[in-house]
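# Coordinate analysis (summary)
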Amino acid sequence: MILKSQVEWALHCCTILAGLPNGRYLSTKALAEFHGVPKEYLSKALQSLSQAKLVDSTLGPSGGYRLSRPAAEISFLDVVEAVEGKERTFVCNNIRTNNPCRPKSYCEAGPCAIARIMWEADETWRASLRSVTLAALIQTLEKEIPATLWQSSSEWVLNRAG
């Protein structure tokens with residue numbers, strides 16, 4: 001499975017937005033500049049987050065985006081599903097019915113083992129993403145990123161936040 005690059009962008013943007021003080025917003029332009037990605041494509045990811053009600057947006061000179069709820073209440077899965085959708089990653093087309101050796105009247109009672117295994121793997125993947133919040137990510141980043149880089153990044157963002 002390959003996720004859209006917009007998933008990565010959306011996760012990074014939500015992480016940045018999680019650090020904004022109450023009432024402050026960060027523009028698409030600033031987010032695109034910070035991450036070095038095209039503003040037009042990033043805008044689509046941010047629109048998906050807005051439609052999923054993960055971020056709030058406002059217009060005007062100090063407008064932009066901010067998280068719509070606390071980082072502890074937004075999981076990685078919320079962000080992934082906002083961009084990619086909630087559909088299963090595996091679609092069973094039941095091609096086993098094309099088997100030329102199968103009697104015409106033969107009928108299976110349920111989904112095949114391949115579909116069941118793939119759906120179980122999909123749910124395991126989703127459960128793992130559901131278990132990690134943006135707040136937990138930020139705690140990890142605070143430990144892993146050098147303090148000077150963390151501080152300068154925060155200052156950069158706050159200087160551009162409306």
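Just so we're clear, the structure is a prediction, and the values are computed from it rather than from any experiment. (Residues numbered from 1 in each chain as written. Predicted model: local features only at pLDDT ≥ 70, side-chain atom pairs only at ≥ 80, totals over all residues. Heavy atoms only, no water.)

## Details of the pairing of strand β1 (residues 55–58)
Applicable threshold: Pairs of strands are assigned from DSSP output, requiring at least two bridges between the strands. Secondary structure is summarised from DSSP: a helix means a run of H or I of at least four residues, a strand means a run of E of at least two, and numbering begins at the N terminus for each.
Summarising the sheet, β1 and strand β2 (residues 64–67) pair through four bridges and their orientation is antiparallel. By the bridge assignment, aspartate 56 is partnered in β2 with arginine 66. Here β1 folds back onto β2, and the loop between the two strands holds five residues, one of which, glycine 60, carries a positive phi near 105°.

## A look at the packing of helix α1 (residues 5–18) against helix α2 (residues 28–35)
Cut-off, in case you're wondering: Here an axis means a line fitted to C-alpha atoms, over the contact stretch when the element is a helix, while the angle between two N-to-C directions is reported on a 0 to 180 degree scale. Orientation categories follow fixed angle ranges, with anything under 35 degrees roughly parallel, anything over 145 roughly antiparallel, 65 to 115 roughly perpendicular, and all other angles oblique. When the near helix sits turned anticlockwise from the far one by under a right angle, the crossing is termed left-handed; a clockwise turn instead gives a right-handed crossing. When checking whether two residues touch, look at their non-hydrogen atoms; a contact exists if any pair is within 4.5 Å. Classification used: nonpolar for Ala, Val, Leu, Ile, Met, Phe, Trp, Tyr, Cys and Pro, charged for Asp, Glu, Lys and Arg, polar for all others including Gly.
Two elements in contact, α1 and α2, have axes whose closest approach is 11 Å; the angle formed by their N-to-C orientations is 115°. On the basis of their axis angle, the class for α1 and α2 is roughly perpendicular. Handedness of the crossing formed by α1 with α2: right-handed. Residues His12, Cys13, Ile16 and Leu17 of α1 touch α2, and the partners they reach there are Leu31, Phe34 and His35. Among the residues forming the contact of α1 with α2, the class breakdown is five nonpolar, two polar and no charged.

## Overview of the packing of α1 against helix α6 (residues 134–144)
Close contact between α1 and α6 brings their axes to 10 Å; oriented N to C, the two are set at 80°. Between α1 and α6, the angle is such that the two are roughly perpendicular. In contact with Cys14, Thr15 and Ala18 of α1, α6 contributes Leu134, Leu137, Ile138 and Leu141. A per-class count over the contact of α1 with α6 returns six nonpolar, one polar and no charged.

## Topic: helix α5 (residues 113–130)
Note the following rule: Expected helix span is given by 1.5 Å per residue-to-residue step, counting one fewer step than there are residues. Three exposure classes are used, based on accessible area relative to the maximum for each residue type with a 1.4 Å probe and protein chains only: buried under 20%, partly exposed in between, and exposed over 50%. An arc is given here, and it is the one of the directions from the helix axis to the C-beta atoms.
In this model α5 runs 25 Å from its N-terminal to its C-terminal C-alpha over 18 residues, within 8% of the 26 Å that 1.5 Å per residue would give. Among the residues of α5, those classed as buried are Ala115, Asp122, Arg126 and Leu129. For α5, the angular spread of the buried residues around the axis is 60°, confining them to a single face. Those residues of α5 that are exposed and aimed more than 90 degrees away from the buried face are Ile117, Glu120 and Thr124. The inward-facing, buried residues of α5 contact α4 (76–84).

Shape descriptors only; they carry no functional weight alone.
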